[in-house]
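# Architecture and fold: a report
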Amino acid sequence: MSDTPSASTEKVNLLGLSPAKMADFFASLGEKPFRAQQMLKWIHQYGESDFNNMTNMSKALRAKLADVCEIRLPEVIYHDISNDGTQKWVMRMDGGSAIETVYIPEKERGTLCVSSQIGCALDCSFCSTGKQGFNRDLSVAEIIGQVYVAAMSFHQQGEKRAGRITNVVMMGMGEPLLNYDNVVDAMRLMMDDFCYGLSKRRVTLSTSGVVPMMDKLGDDIDVSLAVSLHAPNDELRNELVPINKKYPLEQLIAATNRYLQKLPDKRKATIEYTMMEGVNDSLEHAEQLAELMKQVPCKINLIPFNPFPNSGYKRPSNNRVYRFRDHLINAGHVVTIRSTRGDDIDAACGQLVGRVADRTRRSERYIKAVQLDQPTRIQ
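Residues numbered from 1 in each chain as written. Predicted model: local features only at pLDDT ≥ 70, side-chain atom pairs only at ≥ 80, totals over all residues. Heavy atoms only, no water.

Right, let's talk about the nonpolar core for a bit. Within the largest apolar cluster, 107 residues are counted, with the highest numbers of intra-cluster contacts made by Leu14, Met39, Leu65, Met187 and Met190. When residues of this core are assigned to their parent elements, the largest contribution, eleven residues, is made by helix H5 (residues 140-156). (Core = buried A, V, L, I, M, F, W, Y, C linked by side-chain atoms within 4.5 Å. Buried < 20%, exposed > 50% of the residue type's maximum accessible area, 1.4 Å probe, protein only. Helix = DSSP H or I, 4+ residues; strand = E, 2+ residues; numbered from the N terminus.)

Pasting the structure below:
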């Protein structure tokens, strides 16, 4: 899926052009900068993909656009709505693999969970996406296309789009910072006033801790930051989140603080902590987490594990979760417990899988290990 102009005969997909690249594109056609703003509005606010209907542009320009570019949308192959109102879309991408996108409605807001890669290369032991292996990065068009599909689905239902998607979280399939350029361009489209107009506080990037790219992110954009922590010490995190072996907790904490210091306002990081019975849910772990997080302006989001087949992990009891939470609160931290949403359609946190043509063959090894009743942790 092409996002930028090229000398080849392949048409440029305007869906994936950031505001700056859209301006460059129209400049290459000899057009004035305001044409870029018009096009962004046509695509992202009006949901228009037919150049003939863009009546504030001349017939000659519309004909030229039809020759050299297109507005190509993701192919939705599945859409389901949970009993609690959560929605999941499965979209087929170039090459045949599929990704998943989830919309979570709440009283005052609607949050869209967006994927950045087909599969995931990080192989966190408690996440079903990681067990599918990795295929490739998503293009800008494929990332922003998820927002487009969700936004326009509400519009097509005859409801006001404004206020429907109030927040976007880059927490779907993949590690966003390993697809850096495309993710940043997509987030710029999310926040642009001629596109989706989301506040920088309402666009959140979640990372497992790619430290060098966290530093680069702080130089390029000021979205909100979430850190997938899941363990309060290096020994356990090495097992649950393997990237910790490369960037251990000391480096991750320092990078998180550096990012927050670059923001123009006093924002806190969100620390995501998936709780698994008998793994990381003891009071000792709570004490370690409370001490570790004293170093970071943050709020802690506890996520009771959402089971998937043959994971080897269990969800802790509510009493264990509440006891863990209370210990953190008594230590002075702001703590929330993420409610499980959409689990009846496999849309809960950690359950997104899609259908990935796995280049890593990790899914094949995982299935064999399960069949042989071996430990499911696949290196």
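So much for the structure itself; the text now carries on.
Those residues of helix H3 (residues 59-68) not exposed but buried are Leu61, Arg62 and Leu65. When H3 is viewed along its axis, its buried side chains cluster within an angular range of 100° and face the same direction. Seen from the buried face of H3, the exposed residues on the opposite side, beyond 90 degrees, are Lys59, Ala60 and Asp67. Looking at the buried positions of H3, the neighbouring elements they touch are helix H1 (19-28), helix H2 (34-45) and strand E2 (69-70). (Arc of directions from axis to C-beta. Contact = heavy atoms within 4.5 Å.)

Moving on, we get to the pattern of salt bridges. When their charged atoms lie close together, side chains carrying opposite charge are able to pair. Considering all chains together, one arrives at 19 salt bridges under this definition. Among the ionic pairs, arginine 258 bridges to aspartate 215, the shortest N-O distance being 2.9 Å. Placement of arginine 258 in helix H9 (residues 249-262) and of aspartate 215 in helix H7 (residues 211-220) is noted, with a sequence separation of 43 residues between them. In this structure, arginine 338 engages glutamate 272 in a salt bridge whose closest nitrogen and oxygen atoms are separated by 3.5 Å. You can see arginine 338 sitting in the loop between strand E14 (334-337) and helix H12 (362-371) and its partner glutamate 272 sitting in strand E12 (residues 269-275), a full 66 residues away along the chain. Owing to a relative accessible area of 4%, glutamate 272 belongs among the buried residues under this scheme. Overlapping salt bridges, with partners in common, bring together Lys21, Asp185 and Arg188 in one network. (Salt bridge = Lys/Arg side-chain N within 4 Å of Asp/Glu carboxyl O.)

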